[in-house]
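Structural overview for review
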Amino acid sequence: MPSTFLAIGECMVEMAPTGEGTFKMGFAGDTLNTAWYVRKALGQDWKVAYYTGVGKDQVSRQMTDFLNEAGIETGYIRELQDRTVGLYMIQLKDGERSFAYWRSQSAARCLADDPGVLSAAMDNAGLIYFSGITLAILSPEGRRAFFQALKSARQKGAKAAFDPNLRPRLWEDAETMRSCVTDAAGLCDFVMPSFEDEEAYFGDATPSISADRYLAAGAEMVVVKNGPQEVIVATASDRNAFSPAPVSNVVDTTAAGDSFNAGFLAEYLVTKSVTASVAAGARLAGMVIQHRGALVDCLEPA
């Protein structure tokens, strides 16, 4: 039976600029972006599934149809009568993006409200992937249920991967964010932070300090991304730095970290080679940032 890569989080309606003063509608979100690229990169001996909350309206049906058409299984997604999906708009300047969000009543905020469904989804996974945004949108009770289900799934043999993806505006306060992210890291086999966030919100002076902090929290392996700079991969017994090939034609950095995570994890699940996994992640991210939007069908330079 194929193993399952299960991503958990919030998939949203994305309005991405076309470059002609208009916007194109799509679906994206940090954990969905990773799942989408994992499905493209990982062999068919792995299933890829997504767990979230959606409404029962037309746009929610469009979203689940989109996931199914991409080969991402949706059987555990919760459907809620009185909620719908969130929306965000990308704005670009010199290849860097900013976002405007409409998500306060997103159905994904209720993804952990039924612990039985959540546990059933996790218990059938070979690898569980989530992010700081997954945790940030939950209530305190939802976070506790999420952590309990994750602990149970890992005791049954599942692996876990976590991108802290620090977004303080989604949290009650910065201290809650730092505490929950640290707790989550301690439950994971792979922690995949972006140094820019760690420097800004944890005050880390170097990527190695970020790696040390997450290892101390209990992470098995820490992969610290740093834009075009070196990638640090650290475990309790080993540490290496890798220099990704430079990308000159940066069009849109949306999903750069998400796609790196996908390339890294898809390769590592097959080969267990850190060197090959960093190369795969950097190669995929390098192609993605040469196109507009989070999900790029044609992974060749524009």
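As shown above, the structure is provided for reference.
Below: a short report on this structure. (Residues numbered from 1 in each chain as written. Predicted model: local features only at pLDDT ≥ 70, side-chain atom pairs only at ≥ 80, totals over all residues. Heavy atoms only, no water.)

**Some words on the pattern of salt bridges**
Note the following rule: By salt bridge we mean one thing: a side-chain nitrogen of Lys or Arg within 4 Å of a carboxyl oxygen of Asp or Glu. The numbering of helices and of strands both runs from the N terminus, where a helix is a DSSP run of H or I of at least 4 residues and a strand a run of E of at least 2. Buried residues are those whose accessible area, probed at 1.4 Å on protein chains only, stays under 20% of the maximum for their type, while exposed residues exceed 50% and partly exposed ones sit between those limits.
Scanning all chains against the criterion turns up 12 salt bridges. Here K156 and D123 are joined by a salt bridge, their closest N and O atoms 2.9 Å apart. Taken together, the residues span a long stretch of sequence, with K156 in the loop between α5 (140-155) and β10 (159-163) and D123 in helix α3 (residues 115-123) at a distance of 33 residues. When its relative accessible area of 58% is taken as the criterion, K156 is described as exposed. By relative accessible area, D123 is classed as partly exposed at 31%. Measuring nitrogen to oxygen at the nearest pair gives 2.9 Å for the salt bridge that ties R143 to E172.

**Here we look at unusual backbone geometry**
Its identity is not glycine, yet N165 carries a phi of approximately 35°, on the positive side. Relative to the assigned elements, N165 resides in the loop between β10 and α6 (174-185). Within the chain, K272 stands out as a residue other than glycine whose phi angle is a positive 60°. Tracing the sequence through the fold places K272 in the loop between α9 (256-271) and α10 (274-288). Residue class for K272 comes out exposed when judged on its relative accessible area of 52%.

**Topic: the side chain of T34**
Rules: Within 3.5 Å is the distance limit for a polar contact, defined as a pair of N or O atoms, with the added protein rule that one can donate a hydrogen and the other accept it, and that residues adjacent in sequence qualify only through two side-chain atoms. We call two residues contacting when some pair of their heavy atoms lies within 4.5 Å.
Residue placement: T34 occurs in helix α1 (residues 30-41). Judged by its relative accessible area of 0%, T34 is buried. Among the polar contacts made by the side chain of T34, one reaches the side chain of Y129 at a distance of 3.3 Å. Dropping the residues within four chain positions of it, T34 is found in contact with F5, Y129, D258, N261 and A262.

**A few points about α6**
Under the convention used in this document: One less than the number of residues in a helix, times 1.5 Å, gives the span that helix is expected to have. Here the arc refers to the directions that run from the helix axis out to each C-beta atom.
A rise of 1.5 Å per residue sets the reference length of α6, with its 12 residues, at 16 Å; its end C-alpha atoms lie 16 Å apart and thus fit the reference within 8%. Those residues of α6 that fall on the buried side of the exposure criterion are M177, C180, V181, A184 and A185. Each buried residue of α6 sits inside an arc of 135° when the element is viewed along its axis, so together they form one side. Backbone nitrogen of E175 and a side-chain oxygen of the N-cap are separated by 3.2 Å at the start of α6; the cap is D173.

**Focus on helix α8 (residues 207-217)**
Among all positions in α8, only P207, S210, A211, Y214 and L215 are buried. The buried residues of α8 occupy an angular sector of 130° when projected down its axis, which confines them to one face. On the buried face of α8, the contacting elements are α6, β11 (190-191), α7 (195-202), β12 (221-224), β13 (231-235) and β14 (239-242). At the exit of α8 stands G218, carrying a positive phi of roughly 120°.

**Details of the nonpolar core**
Inclusion rule: Residues belong to one nonpolar core when they are buried, are Ala, Val, Leu, Ile, Met, Phe, Trp, Tyr or Cys, and are joined through side-chain atoms within 4.5 Å.
F5, F190 and F264 are the most contacted members of the largest nonpolar core, which has 51 residues in total. Setting aside residues up to four positions removed in sequence, F190 forms contacts with L127, A160, A161, F162, M221, F264, L265 and Y268. Counting 47 residues, the second largest nonpolar core, distinct from the first, contains A153, A184, F202 and A211.

**Some words on the environment of K40**
Topologically, K40 is positioned in helix α1. K40 sits in the partly exposed class, given a relative accessible area of 47%. Linking K40 and A266, residues 226 residues apart in sequence, is a C-alpha distance of 9.2 Å.

**Side note on the packing of aromatic side chains**
Test applied: Stacked, tilted and edge-to-face are the three classes assigned to paired rings of Phe, Tyr and Trp, where Trp is represented by its six-membered ring and a pair needs centres within 6.5 Å; plane angles under 30 degrees give stacked, over 60 edge-to-face, the rest tilted. Only Lys NZ and Arg CZ are tested; either one counts as a charge over a ring when it is within 6 Å of the ring centre and within 35 degrees of the ring normal.
The tally for this structure, following the rule as stated, stands at 13 aromatic pairs. Arranged with centres 5.6 Å apart and planes meeting at 65°, the rings of Y88 and F99 form a pair that is edge-to-face. Separated by 11 residues along the polypeptide, Y88 in strand β7 (residues 87-93) and F99 in strand β8 (residues 96-102) bring together distant segments of the chain. Judged by relative accessible area, Y88 falls into the buried class, the value being 5%. Counting every residue linked through ring pairs, the aromatic cluster contains F130, F146, F147 and F162. Sitting over the ring of W36, K40 keeps its end group 4.7 Å from the ring centre.

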